[in-house]
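# Examining the three-dimensional arrangement
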Amino acid sequence: MASDSNALVKSQFGVAAADYASSDVHAKGESLDRIVELAAPQANWRALDVATGAGHMAAAFAPFVREIIASDITPEMLRETATLAASRNLTNMTTATAEASALPFPDTSFDLVCCRLAAHHFPDLKAFVAEVQRVLKIGGRFALVDNVAPSVETLPDANETDLAEATAAYNAFEKLRDPSHGNAPPPSVWLRLLADAHINVIAREQFGKDLDFDSWVTRMRCSEKTIEKLRHILTEGAPRLREFLRPRHEESGALYFTLQELLLVGTKNA
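Now for a description of the structure that goes with this document.

With that out of the way, let us pick up helix H11 (residues 224-236). The terminal C-alpha atoms of H11 lie 18 Å apart, and with 13 residues this matches the ideal 18 Å at 1.5 Å per residue to within 8%. For H11, every residue scored as buried is listed here: Thr 226, Ile 227, Leu 230 and Leu 234. Taken around the axis of H11, the buried residues stretch over an arc of 100°, which confines them to a single face. Along H11, the residues that are exposed and aim more than 90 degrees away from the buried face are Glu 224, Lys 225 and Glu 236.

Here you go:
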């Protein structure tokens, strides 16, 4: 199952690597500066960025650490990452091929492991967290940013059944646009996974990320048929999902919606 998922991720993101390199959502965004601030990197740290994509997270941390390895399973993404590092003269930033649930690094190798806007593609989040725990030094930091599903914080008047249905609908919406999408759980799942792995959460934030629908579908090279299905879901789909995604037309007529990004920083206890 993991190998099939990885093959799909490589297929989807290999052709889109250059688009992700130039995407403002990935190259910039509120979460990028904020997660660096929350993680509080130190100059003597050795760091690992998992599923680096075009390398924006690794490049954000690179000026503050001794060394950072930007890892990914997609060769095209790693080439974009190397180009980004060279363009910014980040000589302490290197690349490596690595699968999130089977990291090719020794135990207790890193002071920091980070991952941004990628974990929802992983086939096994528990295995990923276990690998993070394994390669971190005791006292090392884990910094995560990812999209999350509806929760009582975002749908406060929803009952348990409403939330479960909205979560399923949200993940189906994402998977329609990107077949390599795996699972974006609600925040409570991440908190439980980290607690089970003896990673103590020391910082947690969540905020909305506004997306332009046209750019969102174009980046993944969606077909016209898929675009119309996605647009229909946003404008006429399940009420709870639309309440979560908050679709609206701007003055220009462009369709926008809002995703939720979770930021977590944790420390390995043992």
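Further notes follow.
This brings us to the pattern of salt bridges. Following the criterion strictly, the structure yields 15 salt bridges and no others. Salt-bridge contacts for Asp 157 lead to Arg 240; the nearest nitrogen and oxygen are separated by 3.0 Å. Pair noted here: Asp 157 is in the loop between strand S5 (136-147) and helix H8 (160-177) and Arg 240 is in helix H12 (residues 239-245), with a separation of 83 residues, a long-range link. Among the salt bridges present, the one from Arg 231 reaches Asp 214, with a minimum N-O distance of 3.7 Å. Highlighted residues: Arg 231 in helix H11 and Asp 214 in helix H10 (residues 213-219), separated in sequence by 17 residues. Taking the relative accessible area as the measure of exposure, Arg 231 reaches 27% and is therefore partly exposed. Asp 214 sits in the partly exposed class, given a relative accessible area of 39%. By sharing partners, the salt bridges in this structure join Asp 157, Asp 162, Arg 240 and Glu 243 into a single network.

Right, let's get into the layout of surface pockets. A water-sized probe, rolled over the atoms, reveals where empty space remains. Estimates place the volume of the largest pocket at around 160 Å³. Lining the largest pocket are Pro 150, Ser 151, Val 152, Glu 153, Leu 163, Ala 164, Thr 167, Pro 186, Pro 187, Ser 188, Leu 191 and Arg 204. Taken together, the elements giving at least two residues each to the lining of the largest pocket come down to H8 and helix H9 (187-196). Its residues placed into classes, the lining of the largest pocket shows seven nonpolar, three polar and two charged.

What follows concerns the pairing of strand S2 (residues 67-72). Buried residues dominate S2, accounting for five of its six residues. Strand direction decides the pairing type here: strand S1 (residues 46-49) and S2, joined by four bridges, are parallel. Its bridge partner lying in S2, Leu 48 is registered against Ile 69. After leaving S1, the chain enters helix H5 (residues 56-61) and then returns to the sheet as S2, a path that is right-handed.

Calculation notes
Residues numbered from 1 in each chain as written. Predicted model: local features only at pLDDT ≥ 70, side-chain atom pairs only at ≥ 80, totals over all residues. Heavy atoms only, no water. Helix = DSSP H or I, 4+ residues; strand = E, 2+ residues; numbered from the N terminus. Expected span 1.5 Å × (residues − 1). Buried < 20%, exposed > 50% of the residue type's maximum accessible area, 1.4 Å probe, protein only. Arc of directions from axis to C-beta. Salt bridge = Lys/Arg side-chain N within 4 Å of Asp/Glu carboxyl O. 1 Å grid on protein atoms, 1.4 Å probe; cavity = no way out; pocket = protein on both sides within 12 Å on 5 of 7 lines; lining within 4 Å. Points joined across faces, edges and corners; volume = space filled by probe spheres on them. Nonpolar A, V, L, I, M, F, W, Y, C, P; charged D, E, K, R; others polar. Pairing = 2+ DSSP bridges. Right-handed = clockwise from strand over helix to strand, strands pointing away.

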